[in-house]
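Listed here are the chains, written in short residue letters.
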Amino acid sequence: MAKKKRILTATLSDGYVKTIGPTAAPFTHYWRIVAHLGGGKTEVFWGHAKSLREATGKKAATADAAKQRGWERYDFEIVELVETPG
């Protein structure tokens, strides 16, 4: 029997809303990195994870990436995904 497909929504602190799906994957959290490159430029990286622990693990890797790539600074945010009616 096929797994039920879900629509997942993440709402970030700045009001940005990301919709994922339909998916049968067991995602629970969404993460986003906004890298400040200098000169007013930014680059955004994002993804979803199957647990808070998995999403939090991205934060340590982000600190290393910031040093390697010379980012002025970065903002890292994790939010819980909410299933929405589809």
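Residues numbered from 1 in each chain as written. Predicted model: local features only at pLDDT ≥ 70, side-chain atom pairs only at ≥ 80, totals over all residues. Heavy atoms only, no water.

Chemist: So what's going on with the overall build of the chain? Which residues, and what values?
Modeler: When helices and strands are counted, the chain shows one helix and six strands. Scanning the chain from its N terminus toward the C terminus, one meets helices and strands in the order β-β-β-β-α-β-β. Overall, the chain is about 50 × 25 × 15 Å in size when its C-alpha atoms are taken along their principal axes. For the chain, the proportion of its 86 residues judged to be buried stands at 35%. Long-range contacts, defined as pairs at least 24 residues apart, comprise 45% of the intrachain contacts of the chain with a sequence gap of at least 6. Carbon and sulfur atoms form 52% of the exposed surface of the chain, whose accessible area is close to 5,800 Å². (Helix = DSSP H or I, 4+ residues; strand = E, 2+ residues; numbered from the N terminus. Buried < 20%, exposed > 50% of the residue type's maximum accessible area, 1.4 Å probe, protein only. Contact = heavy atoms within 4.5 Å. Areas by Shrake-Rupley, 256 points an atom, 1.4 Å probe, with all protein chains shown as cover.)

Chemist: For unusual backbone geometry, give the residues involved together with the corresponding values.
Modeler: A negative phi holds for most residues other than glycine; trans holds for most peptide bonds. Gly21 connects to Pro22 through a cis peptide bond whose omega is 10°. Topologically, Pro22 is positioned in strand β2 (residues 17–23).

Chemist: Let's hear about the pattern of salt bridges: which residues, and what values?
Modeler: Scanning all chains against the criterion turns up five salt bridges. Across the pair Lys4 and Glu83 runs a salt bridge, and its minimum N-O distance is 3.4 Å. With Lys4 in the segment before β1 (6–11) and Glu83 in strand β6 (residues 82–84), this residue pair connects regions lying 79 residues apart in the sequence. Since its relative accessible area comes to 63%, Lys4 is described here as exposed. Taking the shortest distance from any N to any O, the salt bridge between Asp75 and Arg73 comes out at 3.2 Å. Asp75 sits in the partly exposed class, given a relative accessible area of 37%. Since its relative accessible area comes to 46%, Arg73 is described here as partly exposed. What emerges from the salt-bridge pattern is a single network uniting Lys4, Arg6 and Glu83. (Salt bridge = Lys/Arg side-chain N within 4 Å of Asp/Glu carboxyl O.)

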